[in-house]
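Structural overview
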Amino acid sequence: MQAVKMYTTAVCPYCVQAKRLLKSKGVEHIEEVRVDANPEERMKMMELTGRRTVPQIFIGPTHVGGCDDLMALDSQGGLVPLLTTA
């Protein structure tokens, strides 16, 4: 299973929805980076992704995007293969 990293905030319904979907696909651990608690991490997230909103989700080295992007990837059948790629 690929490592999953998610940039989040404390009160983000999209972050909760994304975590729920990932856990339903067998992800046991999500490395959460709280950008509301650490402005430097928000700047790093923006440099990496070009986006300001959360969540921003990485599966292994791949930037998936936000919650809508994750849901679209799953509906197209691409989430599980990305998670299980070695």
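1. Some details on the packing of aromatic side chains
Overall, the coordinates contain 1 aromatic pair when judged by the stated rule. Both rings, one in Tyr7 and one in Phe58, keep their centres 6.2 Å apart while their planes meet at 70°; by these two values the pair is edge-to-face. One end of the pair, Tyr7, is in strand E1 (residues 4–8); the other, Phe58, is in strand E3 (residues 56–59), with 51 residues separating them in the sequence. Given the relative accessible area of 0%, Tyr7 is considered buried.

2. Re the side chain of Thr8
Among the secondary structure elements, Thr8 is positioned in strand E1. Within the local environment of Thr8, its side chain forms a polar contact with the side chain of Glu32, the two groups lying 3.5 Å apart. Residues within four places of Thr8 in sequence aside, it is in contact with Cys15, Glu32, Val33, Arg34, Val35, Asp36 and Val54.

Calculation criteria
Along every chain, residues carry numbers that run from 1 in the direction the sequence is written. Two thresholds apply to this predicted model, a pLDDT of at least 70 for residue-level local features and 80 or more for giving and counting side-chain atom pairs, whereas whole-chain, interface and lining totals are computed over all residues. Side-chain descriptors were evaluated using all non-hydrogen atoms of the structure, hydrogens and water having been removed beforehand. For Phe, Tyr and Trp, where Trp contributes only its six-membered ring, two rings pair if their centres lie within 6.5 Å, and the inter-plane angle classes them as stacked under 30 degrees, edge-to-face over 60, or tilted in between. Strands here mean DSSP runs of E at least two residues long; helices mean DSSP runs of H or I at least four residues long; both are numbered from the N terminus. The buried label goes to any residue with under 20% of its type's maximum accessible area, the exposed label to any with over 50%, and the partly exposed label to all in between, with areas taken from a 1.4 Å probe on protein chains only. Distance and chemistry together define a polar contact, namely a pair of N or O atoms within 3.5 Å, with one atom able to donate a hydrogen and the other to accept it when in protein, and with adjacent residues in sequence counting only for side-chain atoms on both sides. The contact rule is simple, with two residues in contact once any of their heavy atoms fall within 4.5 Å.

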